[in-house]
Amino acid sequence: MAKEYITTRNIAGPLIIVDSVEKATYGEIVEIKAADGSIKRGQVLEIDRDRALIQVFEGTSGLNLGETKVKFLGRGVQVGLAPSILGRIFDGSGSPIDDGPAVIPEKMADINGVPMNPYARNYPSEFIQTGVSAIDGLNTLVRGQKLPIFSGSGLPHAKLAAQIARQAKVRGEGEKFAVVFVAMGITFEEANYFINDFKETGALERSVMFINLGDDPVIERIATPRFGLTVAEYLAFDLGMHVLVIMTDMTNYCEALREISAARKEVPGRRGYPGYMYTDLASMYERAGRIKGKEGSITQIPILTMPEDDKTHPIPDLTGYITEGQIFLSRILHQQAIYPPIDVLPSLSRLKDKGIGKGKTREDHSDILNQLFAAYARGRESRELATVLGESALTKTDLIFVKFADRFEQEFVKQDEYEDRSIEETLDIGWRLLSMIPVEELKRIRPAFIEKYLKRYLKEEEGKDAAQR
Amino acid sequence: MKENIGKVVKVSGPLVVAEDIPNAKMYEMVYVSDKKLFGEIIEIKGNNASIQVYEDTSGVGPGDPVYSTGMPLSVELGPGLIGSIYDGVQRPLDVLKEKYGDFIVRGSYEPALSRKKKWHFVPLTKKGSNVVSGDPVGYVQETVAIKHYILIPIGLEGEIDFIADEGDYTVEDIVAKVKTNGGEREVRMYQKWPVRIGRPYAKRLPPNEPLITGQRVIDAFFPIAKGGTACVPGPFGSGKTVIQHQLSKWSDADIIIFIGCGERGNEMTDVLMEFPELTDPRTGRPLMERTILIANTSNMPVAAREASVFTGITMGEYFRDMGYTVALMADSTSRWAEAMREMSGRLEEMPGEEGYPAYLASRISSFYERAGRVIVLGNGKKESALSVIGAVSPPGGDLSDPVVQATLRTVRVFWSLDAQLAYARHFPSIHWLRSYSLYADSLKDFYTSRLGKEWAEMRKEFMKILRREAELQEMVRLVGIDALSPSDRLIMEVARSIREDFLQQNAFMEEDTYTSLEKQKRMMRLIHLFYVYAQDALKRGVSLDKIVDLPVRVDISRSKLIPEDNLEKFDEIEKKLKESFEALVSEVQNG
């Protein structure tokens, strides 16, 4: 029988300090019984001789000094795992909220996980077709990658994430696929949007959801993504499934982290966020990946809303340093009614080079990708110049690039929420657009591919020109 | 063994405070709790010692034992290093995977060098000869290209009393005995060295030869010397890691040490899977046969990240001491600095700028100063060099970041990565106006003797054109391109050609990923010739539009794709270039 301590000495924000503790250990989970009999859970953050500093997941309201009973459970936070976990919905600390029975676990796992041995990793190189041209064509997602969506408030990141969850597939294979959805501090409506979308498309039965809403305890958010990721690891590496983890909104997670840090009176780093935020975020993002000799994979799509659309804010900044690229949503494109409003220039997929090309997508993919980027960048630059000086200030080639940039946004980036484009369609749109540009400007494309792919469209364009005349 | 045991009193993340450790010394290695978690003493206050623990401390609590070792944190140096992958405290990750599985289990331990593997030892000295520290007693052919010399350990000198015959030995076998003033000492195939202390050398020399990287913007514009230091700061997505990978693939060093310090796991995997398949352009052997990897990814314990750069550079010094040219890449030193900040915060030290400890700058410079071109210890008086290239990841790409500033004060080459260039997919995104190399002068002689005077002149001319382009762009922004004179517009065109046809280099394209100095020179000459001819043609009344539309320009832009073994192709293009301009000029004169 574990001892119950009534020696709580301090309560401040989400933290309590308990005195005269025997044999507590770092990271251990505790059960806290408030005066009214309600039970909360917490975790040891620091232990100094017989004094334990504990963060309370459900918040400290209702706790007092004399009657609060604290029990140390001698283990870390764990989650029970079994195949029947698929199709279930849990709250932010792992209790079912879908009126179903508790999961009967086949195994228990610590939610903090253990770092994957870099030597055991398998390099992500299998192309995932999302059906979204701006992603497939230019910022290709591969299995085992972590590719966040950098968004802003009011932008349709939820729609895009749901579309990816709906359409993502590895071509020509009927493999086991699952979605783990982690909500941290989002609104009921947004969570509901995902749940309904998953229900409608039949995705719910192959999904596991962990929902911590905006009015749920803040500190619980620290644990929520770790529950999700532990389940994802189980599905991927024990059951051999390909798991897509969507985590939204990382900004709320980081704010919870800051709240604990402030309550502990730690030396703050940039904008008050703790100095260890990089390490903390990495301990989650790095749980994406593949393992040599194992079937499954974990692909992460974290979503974060950049405060004031500022990508140098610590949250997007540190995330960008850990993840393998990012998908940027642009307010300007959104205002022009372009969906998905992906700004391809600052977007990036670091792993694309191994996932594209012959045998994966198509041999011309790499060249066309580089050329589209370069041409669009030049078009945008010229367009900016034109807004300052007027179109007359541009050379005739620059004018072509401006027109290219406009058409690129309207035809390549823009597509319907339910439009699922194959990679061939995406690349062919790219060629069609490039055919506007004089051939000698297509410096990034090998001549053989110009011969093979572009010729067709050049004739088309000529035909159009003739018709116009 | 009771007397070696202290007791844990406090645990706060990776920081553990213990009391009653007998004879606790600064930077001594200890094992914490019965799980034998590996740590290092970083502060002593009275009876209490603060320990940074290199593994996750969950489950450790007051009362747990702490075992002292009396040894500072050291690395093992000997045959078996090359081709290995270690974590930040030199645990062999490949062996750990075999033994413990796909995840890193706490308290797992394996020696860095295999104790069972036998190496073929060839003696190089004989009984009775006098040796000093750093002299080789023999060697092991570790890979086809690398003779791993077995050196007399630092601090030992005397007469060889025993030397093993040629044959197969393990690293623990005694291969020599030395009679010294202090009695007879044994020499094994491996030795240990504390990571925080630089290995001594006989004399430091100024650098005089470039580290040839095959990256055009680096070799031609901002070269780094063998034995030099460089830093690559840039925001995320600007291509730091690709540059580091390119340098470790193509640099003409004998040994490459790549430290993945707090970075992505998948990137290390990329190196691990790619390097064994790539061939070293100089030896024709797999690149992995000259590479040592240190992987302490961002999710691995933060304290081991702090140690990883020292672990790496100590190995670098060891190979330098054998006479090899070593290049060390650290990606990224910002994560290393952050690890220092985290430990400093937990020690409740008074913070300096942005929460970094006040000793940040001195730690950074003590790391970079271990680079250099030296004459090594030993009677051979061999010359060798250790170059260090560190990536820096400043928050938001802001160069006023304390880590960037402290690094810039100590390194001699600055490759400034630019986000705008990266967005336009101009890679490597090294900004030509903001970067610099302080070695340009000391390397001038090398370049002149190898490539002729032309090289330096073209380089100067190109820099001038690029600077002028920046000014002209300002003007265009205000008044439009039409306001420029034809000769200024020509400069804009040539600058664009320099940027797109020369500086830009595609790391993922087989023909373009490495360019020899000779080919670089030929490429530069094409653009330069175009400029010279075009100026002349303008003077003779040829319109700029005609010059700009010359089909030969496509050949210039495609000259990157000319294979290294077919450089005669450049002669053809030069000829075509000349004829094209002659045709233009005669057209004007005749019509």
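Residues numbered from 1 in each chain as written. Chains lettered and ligands numbered in written order. Predicted model: local features only at pLDDT ≥ 70, side-chain atom pairs only at ≥ 80, totals over all residues. Heavy atoms only, no water.

**Observations concerning the overall build of chain B**
Regarding its fold elements, chain B presents 16 helices and 26 strands. Taken against the 2.2 N^0.38 rule, which gives 25 Å for 591 residues, the C-alpha radius of gyration of chain B at 28 Å falls within 12% of a compact globule. For chain B, the residues scored as buried account for 61% of the 591 residues in total. Considering only residue pairs separated by 6 or more positions, chain B has 70% of its internal contacts joining residues 24 or more positions apart. Accessible surface computed for chain B: about 22100 Å², of which carbon and sulfur atoms make up 50%. In chain B, the 75 positive side-chain charges and the 84 negative ones have mean positions that sit 2 Å from each other. (Helix = DSSP H or I, 4+ residues; strand = E, 2+ residues; numbered from the N terminus. Rg over C-alpha atoms; globule rule 2.2 N^0.38 Å. Buried < 20%, exposed > 50% of the residue type's maximum accessible area, 1.4 Å probe, protein only. Contact = heavy atoms within 4.5 Å. Areas by Shrake-Rupley, 256 points an atom, 1.4 Å probe, with all protein chains shown as cover. Lys, Arg positive; Asp, Glu negative; His and termini not counted. Charge placed at Lys NZ, Arg CZ, Asp CG, Glu CD.)

**Looking at the interface of chain B and chain A**
Each side of the interface is counted separately: chain B has 79 residues, and chain A has 76 residues. Summed over both partners, the interface of chain B with chain A buries about 6600 Å², with 54% contributed by carbon and sulfur atoms. On the chain B side of the contact with chain A, Phe236, Asn266 and Arg425 of chain B bury the most area, a combined 13% of that side's loss. There are six salt bridges connecting chain B and chain A. (Buried area = accessible area lost by both parts, 1.4 Å probe. Salt bridge = Lys/Arg side-chain N within 4 Å of Asp/Glu carboxyl O.)

**Digging into the sheet that holds strand E10 (residues 130-131) of chain B**
All names here are of chain B. Strand order across the open sheet formed by four strands is E10-E13-E15-E16, with antiparallel pairing between neighbours. Each end of this open sheet is capped by a strand with a single partner; those strands are E10 and strand E16 (183-188). Note that strand E15 (residues 174-180) and E16 share six bridges and pair antiparallel. Bridging across to E16, Lys177 finds its partner in Glu186. (Pairing = 2+ DSSP bridges.)

**Some details on the sheet that holds strand E14 (residues 167-169) of chain B**
Residue and element names in this part refer to chain B. If you trace the four strands from one edge of the open sheet to the other, you get E12-E11-E9-E14, paired in antiparallel fashion. Sheet topology places strand E12 (147-151) and E14 at the edges, where each strand pairs with a single neighbour. Looking at each pair of strands side by side, their axes are set apart by 40° on average, direction ignored. Note that strand E9 (residues 119-123) and E14 share three bridges and pair antiparallel. Within the sheet, the bridge partner assigned to Phe121 lies in E14 and is Gly167. (Axes fitted to C-alpha atoms, helices over the stretch in contact; angles between N-to-C directions.)

**Observations concerning the domain arrangement of chain B**
You'll often see interface size given as the accessible area lost when the parts meet. All names here are of chain B. Here the domain parsing of chain B yields domain 1 (2-72), domain 2 (114-189), domain 3 (203-433) and domain 4 (452-590). Computed from C-alpha coordinates alone, the two centres of domain 1 and domain 3 are separated by 31 Å. Tallying the contact residues gives 14 residues for domain 1 and 13 residues for domain 3. Between domain 1 and domain 3, the buried area comes to about 950 Å², and carbon and sulfur atoms account for 61% of it. Across the domain 1-domain 3 interface, the total number found is three residue pairs in polar contact (both at pLDDT 80 or more). Where the side of domain 1 that touches domain 3 is concerned, the elements lending two or more residues are strand E1 (5-12), strand E4 (37-45) and strand E5 (48-53). (Domains from an automatic or database assignment. Polar contact = N/O pair within 3.5 Å; in protein donor to acceptor, adjacent residues only side chain to side chain.)

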